[in-house]
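Summary of the model geometry
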Amino acid sequence: MQIGVNWKNLLGILVFVASQHTMADRKVITDRKPVGKHGWIYSWNIYSDQGVPKAIGVSINGKALKELSHDDEMQIFVLQPKPPYMIEPYKHITVDWNPHGHEPMPIYTLPHFDFHFFFLSSAEREAITCQGADALVCTKAIGSSLIPADYAPTPEGVPKMGWHWVDTKSPEFNGQKFTATFIYGFYNAQTAFLEPMVTLEYLKSKPQAEFPVKLASNISHSGMYPKKYTVNYNYVEDTYNVALADLISRTSSR
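These notes cover the structure that comes with them. Because the structure is a prediction, the values reported are computed rather than measured.

1. As for unusual backbone geometry
With an omega dihedral of 5°, the bond running from P83 to P84 counts as a cis peptide bond. Topologically, P84 is positioned in the loop between β4 (73-78) and β5 (92-98). Between E103 and the following residue, P104, the backbone shows a cis peptide bond with an omega angle of -5°. Relative to the helices and strands, P104 resides in the loop between β5 and β6 (112-118). Here the phi dihedral of K160 falls at roughly 60°; this positive angle occurs in a residue that is not glycine.

Here's what the structure looks like:
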């Protein structure tokens, strides 16, 4: 009897494991939500065997991608304010499903997910209106040391999120199709969130990808910051995974 090996699947498994954690690492599930009748999505942290945070991410199972709504939806993952469930400075995560995309047109009109890793509490985020007097707070001038190289602001803030800044060197702003990108969010002149955005089409391609994150020279919140973000498919668990990875400790000098 001959046993066939799907080398592409096997390679995908090995790359995912190597990029996320080793056998000595510990994965902690921080929150979990249902999607449709059979799908689910959950947030997690990964620690080294010495207890050092290595990654924070979100996983979506294959069934969830088959049961996505035709309308915009948001899942909120609240991180308990204690280790190992919370890694500073991250307070909660939102995952926004945008079946029709969003502004700016036509750059981000493809169906995609926004993964917001917030430095604010859920209550603080909910209070953001970016309207009236709060519009001035939302787009308050940001110190240059907090802005990574090549990043530029969008015209205005977004309610319950903040002011989005985009990487002008990203492929989607340079004649290529949007697949995955990394956005910084600000509110009241401080960093409010880090945001990988990934298209549904790119997720379904089952990538094993990692992308460098451009870090500013200074930070507004001390804690763990990613040197890269990853977009991976796990063939064993049938999960699509987006994470802030290679976390390094940084201290604000403000």
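2. Description of empty space enclosed by the protein
Over the atoms rolls a probe the size of a water molecule, and its path tells where empty space is left. Applying the stated criterion to the full structure yields two cavities of 30 Å³ or more. Of the voids in this model, the largest cavity is the one considered here, and its volume is about 100 Å³. Lining the largest cavity, in full, are V35, I41, I60, A64, L68, E73, M74, Q75, V95, W97 and F113. At three residues, β4 tops the list of elements feeding residues into the lining of the largest cavity. Counted by class, the lining of the largest cavity contains nine nonpolar, one polar and one charged residues. Considered as a void within the structure, the second largest cavity measures approximately 60 Å³ in volume. Split by residue class, the lining of the second largest cavity holds six nonpolar, two polar and one charged.

3. Re the sheet that holds strand β9 (residues 180-187)
The strand order across the open sheet built from seven strands is β4-β5-β6-β10-β9-β8-β7, with neighbouring strands paired in antiparallel fashion. The open sheet has two edge strands with one neighbour each: β4 and β7 (151-153). Going across the sheet, the axis of each strand differs from the next one's by a mean of 25°, ignoring polarity. Summarising the sheet, β6 and strand β10 (residues 190-199) pair through five bridges and their orientation is antiparallel.

4. Digging into the sheet that holds strand β3 (residues 53-61)
The strand order across the open sheet formed by six strands is β1-β2-β3-β13-β12-β11, and the pairing between neighbours is antiparallel. Where the open sheet ends on each side, the last strands, each with one partner, are β1 (26-35) and β11 (208-212). Ignoring strand direction, the axes of neighbouring strands in this sheet form an average angle of 15°. In terms of strand pairing, strand β12 (residues 223-234) meets strand β13 (residues 239-250) through eleven bridges, oriented antiparallel. Paired with M224 across the bridge in β13 is S249.

5. Regarding the nonpolar core
Within the largest apolar cluster, 63 residues are counted, with the highest numbers of intra-cluster contacts made by Y90, F113, F115 and L244. Among the elements that make up this core, the one with the highest residue count is β9 (six residues). Non-local contacts of F113, meaning those with residues more than four positions away in its chain, are made with I60, L65, L68, V95, D96, W97, P196, M197, V198, L200 and L203.

6. Description of the environment of A55
Positionally, A55 belongs in strand β3. Along the chain, A55 and P153 lie 98 residues apart, while their C-alpha atoms are 27 Å from each other. With sequence-adjacent residues up to four places away left out, A55 is seen in contact with W44, N45, I46, I87, L244, A245 and L247.

7. Here's the deal with the pairing of strand β2 (residues 39-47)
Extensive coverage of β2 is indicated by the burial of nine of its nine residues. Burial of the side chains of β2 extends over both faces: G39, I41, S43, N45 and Y47 are buried on one face and W40, Y42, W44 and I46 on the other. As paired elements, β1 and β2 share nine bridges and run antiparallel to each other. Within the sheet, the bridge partner assigned to K27 lies in β2 and is I46.

8. As for the layout of surface pockets
In this structure, the largest pocket spans a volume of roughly 550 Å³. In terms of lining, the largest pocket is formed by 28 residues, of which the most central are H102, E103, V158, M161 and H164. Looking at the lining of the largest pocket, the elements that each hand over two or more residues are β4, β5, β8 (163-167) and β10. Its boundaries defined by the atoms lining it, the second largest pocket holds a volume of some 260 Å³. Listed by contribution, the elements that provide at least two residues to the lining of the second largest pocket are β9 and β11. Counting residues per element, the lining of the second largest pocket draws most heavily on β9, at three residues. Broken down by class, the residue content of the lining of the second largest pocket amounts to eight nonpolar, three polar and four charged.

Calculation notes
Residues numbered from 1 in each chain as written. Predicted model: local features only at pLDDT ≥ 70, side-chain atom pairs only at ≥ 80, totals over all residues. Heavy atoms only, no water. Helix = DSSP H or I, 4+ residues; strand = E, 2+ residues; numbered from the N terminus. 1 Å grid on protein atoms, 1.4 Å probe; cavity = no way out; pocket = protein on both sides within 12 Å on 5 of 7 lines; lining within 4 Å. Points joined across faces, edges and corners; volume = space filled by probe spheres on them. Nonpolar A, V, L, I, M, F, W, Y, C, P; charged D, E, K, R; others polar. Pairing = 2+ DSSP bridges. Axes fitted to C-alpha atoms, helices over the stretch in contact; angles between N-to-C directions. Core = buried A, V, L, I, M, F, W, Y, C linked by side-chain atoms within 4.5 Å. Buried < 20%, exposed > 50% of the residue type's maximum accessible area, 1.4 Å probe, protein only. Contact = heavy atoms within 4.5 Å.

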